[in-house]
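An overview of the molecular structure
For reference, the chains in residue letters:
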Amino acid sequence: MENANQILVKTTKNGPYVIKGNFTLDLPTGETKECNGSTFLCQCGNSQNKPFCDESHKKSVIDAANTWF
Ligand code: FES
């Protein structure tokens with residue numbers, strides 16, 4: 001990334017969304033979390049630590065193309 005204020009969101013085929021950069025994440029609980037570096041957000045729905053990925057996707061089969069629509 002060229003700009004320190006830039007955020008890069010990367011999708012992975014059968015894993016989490018990878019967000020690189022510094023940002024504030026609003027959680028469903030009303031709390032906020034400061035995220036720095038690489039943050040991995042669950043897109044399979046199986047994480048026990050949502051919204052973060054806990055690697056549970058490795059035990060399940062997800063088709064990322066079908067989770068978008
Ligand atoms: S994408 Fe990793 S646990 Fe859901």
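These numbers come from a predicted model, not from an experiment.

Remarks on the overall build of the chain
Within the chain one finds one helix and five strands. For the chain, the proportion of contacts with a sequence separation of at least 24, taken over those separated by at least 6, is 27%. As displayed, the chain offers around 5,100 Å² of accessible surface, 50% of which is attributable to carbon and sulfur atoms.

Some thoughts on the nonpolar core
Within the largest apolar cluster, seven residues are counted, these being I19, F23, L25, L27, C35, L41 and F52. In this structure, F52 is in contact with L25, L27, K33, T39, F40, L41, C42 and S47, ignoring residues within four places of it in sequence.

Quick word on the confidence of the model for the chain
Averaged over every residue, the pLDDT of the chain is 87; the share at 70 or more is 83%. Averaged pLDDT values for the elements of the chain fall to 54 in helix α1 (residues 64-67) and rise to 98 in strand β5 (residues 38-41).

Here we look at the pairing of strand β2 (residues 17-20)
Pairing of strand β1 (residues 8-10) with β2 involves three bridges; the strand directions are antiparallel. Pairing of L8 across the sheet is with K20, part of β2. The turn linking β1 back onto β2 is made up of six residues.

Comments concerning unusual backbone geometry
Of the consecutive residues K50 and P51, the connecting peptide bond is found in the cis state with omega at 10°. If you check the backbone angles, E55 has positive phi at about 75° while not being a glycine. The class of E55 is partly exposed, set by a relative accessible area of 45%.

A look at empty space enclosed by the protein
Scanning the entire structure with this criterion turns up one cavity of 30 Å³ or more. In this model, the largest cavity occupies a volume close to 40 Å³. Per-class residue counts for the lining of the largest cavity are four nonpolar, five polar and two charged.

Quick look at the pairing of β5
Along β5, the buried face is formed by T39 and L41; none of S38 and F40, which line the opposite face, is buried. Inspection of the sheet shows β2 paired to β5 by four bridges, in the antiparallel sense. Bridge pairing links I19 to T39 in β5.

So, how was this worked out
- Residues numbered from 1 in each chain as written.
- Predicted model: local features only at pLDDT ≥ 70, side-chain atom pairs only at ≥ 80, totals over all residues.
- Heavy atoms only, no water.
- Helix = DSSP H or I, 4+ residues; strand = E, 2+ residues; numbered from the N terminus.
- Contact = heavy atoms within 4.5 Å.
- Areas by Shrake-Rupley, 256 points an atom, 1.4 Å probe, with all protein chains shown as cover.
- Core = buried A, V, L, I, M, F, W, Y, C linked by side-chain atoms within 4.5 Å.
- Buried < 20%, exposed > 50% of the residue type's maximum accessible area, 1.4 Å probe, protein only.
- pLDDT = per-residue confidence, 0-100.
- Pairing = 2+ DSSP bridges.
- 1 Å grid on protein atoms, 1.4 Å probe; cavity = no way out; pocket = protein on both sides within 12 Å on 5 of 7 lines; lining within 4 Å.
- Points joined across faces, edges and corners; volume = space filled by probe spheres on them.
- Nonpolar A, V, L, I, M, F, W, Y, C, P; charged D, E, K, R; others polar.

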